[in-house]
Amino acid sequence: MKKQFYISNRKAMSKLMPDKSFAIFSATRADTGNLPGEFVQDANFFYLTGLKVANAQLIVAKHGKKSHSMLFIERNIPEMEVWIGKKLSKNDAQEISGIEKVYYIDEFPNVIHPIALSNEVCYYDHISSKIGSNLSDSLYQLKQITTHYPTLTIQDPGQLLTQLRAAKKKAEIEEMRKAIRITHEAILNVMNHTKPGMMEYELEAHFRFECVKNNAKQMAFSPIIASGENATILHYEKNNGKVGKDDLVLVDVGAKWNEYCADITRTFPANGTFSTRQREVYEAVLAINKAIIKKVKPGLTLKNLQDETIKLMKKALKELNLIKKDEEFKKYYMHGVSHTLGLAAHDLVDRSKKLEKGWVITVEPGIYIPEEGIGVRIEDDVLVTQDGYENLSSIIPKEVDEIEAIMHHK
Ligand SMILES: [Mn+2]
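On a predicted model such as this, the values are computed, not experimentally measured, just so you know. (Residues numbered from 1 in each chain as written. Predicted model: local features only at pLDDT ≥ 70, side-chain atom pairs only at ≥ 80, totals over all residues.)

> Which parts of the structure should I look at to understand the sheet that holds strand 15 (residues 380–384)?
Paired through backbone hydrogen bonds, the strands of a sheet run either parallel or antiparallel to each other. Across the sheet, three strands lie side by side as 12-15-16; this open sheet has antiparallel pairing. Looking along the sheet, the strands with just one partner apiece sit at the ends: strand 12 (360–363) and strand 16 (389–391). Strand after strand, the sheet turns through a mean of 35° between neighbouring axes, direction not considered. Examined bridge by bridge, strand 12 and strand 15 share four bridges and lie antiparallel to one another. (Pairing = 2+ DSSP bridges. Helix = DSSP H or I, 4+ residues; strand = E, 2+ residues; numbered from the N terminus. Axes fitted to C-alpha atoms, helices over the stretch in contact; angles between N-to-C directions.)

> Quick question: what am I supposed to make of the nonpolar core here?
Nonpolar side chains tend toward joint burial in soluble globular proteins. Among the nonpolar cores identified, the biggest contains 100 residues, and Ala 179, Val 251, Ala 255 and Val 376 are the most heavily contacted of them. If you tally residues by element for this core, the top one is helix 8 (residues 170–193), at eight residues. Each of two domains, domain 1 (3–165) and domain 2 (167–408), supplies a minimum of three residues to this core. Each residue touching Val 251, except ones within four places of it in the same chain, is listed here: Ile 187, Val 190, Phe 207, Ile 224, Ile 225, Thr 265 and Arg 266. (Core = buried A, V, L, I, M, F, W, Y, C linked by C-beta atoms within 7 Å. Buried ≥ 20, exposed ≤ 12 C-beta atoms within 10 Å, placed from the backbone. Domains from an automatic or database assignment. Contact = placed C-beta atoms within 7 Å.)

> Looking at this structure, I do not really get helix 10 (residues 276–295). What am I missing?
Each turn of an α-helix holds 3.6 residues, which means side chains three or four residues apart point in the same direction. For helix 10, built from 20 residues, the straight-helix expectation of 28 Å at 1.5 Å per residue is met to within 8% by its first-to-last C-alpha distance of 29 Å. Gln 278, Val 281, Tyr 282, Ala 284, Val 285, Ile 288, Asn 289 and Ile 292 are the residues of helix 10 that are buried. Angular distribution of buried residues about the axis of helix 10 spans 155°; they occupy a single face of the element. (Expected span 1.5 Å × (residues − 1). Arc of directions from axis to C-beta.)

> What should I look at first to understand the domain arrangement of the protein chain in this one?
Many structure descriptions define interface size as the accessible area lost when the parts assemble. Domain boundaries assigned for the protein chain yield domain 1 (3–165) and domain 2 (167–408). For domain 1 versus domain 2, the separation of C-alpha centres amounts to 35 Å. Between domain 1 and domain 2, the contact holds ten residues from the first and eleven residues from the second. Residue assignment for the side of domain 1 that touches domain 2 shows that the elements contributing at least two residues are helix 2 (43–49) and helix 7 (158–166). Taken together, the residues that form the side of domain 1 that touches domain 2 break down as six nonpolar, two polar and two charged. (Nonpolar A, V, L, I, M, F, W, Y, C, P; charged D, E, K, R; others polar.)

> Just checking my understanding: could you explain the packing of helix 8 against helix 9 (residues 200–213) for this structure?
How two helices pack is summed up by the angle between their axes together with the distance between the axes. Contact geometry for helix 8 and helix 9: axes closest at 8 Å, N-to-C directions at 145°. For the element pair helix 8 and helix 9, the recorded crossing hand is right-handed. Of the residues in helix 9, those touching helix 8 at Ile 182, Glu 185, Ala 186, Asn 189, Val 190 and His 193 are Leu 203, His 206, Phe 207, Phe 209, Glu 210 and Cys 211. Along the lines of polarity and charge, the residues of the contact of helix 8 with helix 9 split into seven nonpolar, three polar and two charged. (Left-handed = near helix turned anticlockwise from the far one by under 90°.)

> So what exactly am I meant to see when it comes to the sheet that holds strand 4 (residues 101–104) here?
Strand order in the open sheet formed by six strands is 4-3-2-1-5-6, with mixed pairing between adjacent strands. Single-partner strands in this sheet number two, and they are strand 4 and strand 6 (153–155). Across the sheet, the mean angle separating the axes of adjacent strands is 20° when strand polarity is ignored. Pairing of strand 1 (residues 21–26) with strand 2 (residues 57–63), which is carried by six bridges, proceeds in the antiparallel orientation. Bridged to Ser 21 within strand 2 is Lys 62. Sheet strands touched by helix 5 (residues 108–118): strand 1, strand 2, strand 3 (66–73) and strand 4. Its angle to strand 2, the strand with the most contacts, is close to 15°.

Here's what the structure looks like:
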């Protein structure tokens, strides 16, 4: 991503802010210097700066029509270089974010002082937390701000970011395409290695291997690899069951690329061939997956898609002899068909809003029949375009014939 992307994101945010306001965003907090662990950057902070370092902060202040950004990063510690290397320099931070004014984080109290005195509204990210839990570093800082500058009105910038992040720009869609391409390769790697008798975690290893090999070291979420009846547990993540010879295997997985997520589900027979019943259920889910994808266009809401899915599902479940009355559908289909996708696998969303060009949503109907040990879900990632949709994951096989062909050629 070029720095122009982050510059325009900050500009777009400041347009939504009232005069005499400023906003504070924080990078993920982390102990630097400890043993390396997985670092996941705060999505809003990334969206506005492009930085992937811990413990940094951003201020965007608006005065009249002008806005200025200030970035705060950790100082390099020469004694720690041998352990963790050099920290990001001011120059690098400027280069990545396009922010000219870069300070060290210990300068934050002095820099914020005149800003807090001359403004009326302070947007502070990460406000929500339950009473009773300890104050996080962010909440502690917010408490200091409200104590020292009691005339400031504090607001949550969540609504602003939800609005800004909803429609993806071209550069973001390219990152998502890459995440989906890697996820595609990794799903094929799982299918190519699956044999009855294997453990689900072995299949997970084949998924992760292909992702890491392609430099996608972070997952959008913990992979769900569920065989047989396990596939009827929606957020199954133990991945420690044994794959039976007549089981279907459901993989709900996604790699991340430059912080952007894929979220794909495919279901295939462990032994390579769908049984008659499995095929019946699978074809029913596939038909709904395709019908809903075709509906996607600007102007609809996620609820419209869900209502349509339920309508189709009631009919399908009756044809599969699973239910007699419409209202029984929830026994076999109990989740939403769509969520938004972006910097988070479940991205920020205002569900009352209509789909617009640039939104990326999932389409993921499923049928779950514990008494038959069958769980099928088929999930694609769909971009809303000017007058319809583009299925970003259309290359990932989902036709019965394609899947059986892949499973038998190994
Ligand atoms: Mn999903």
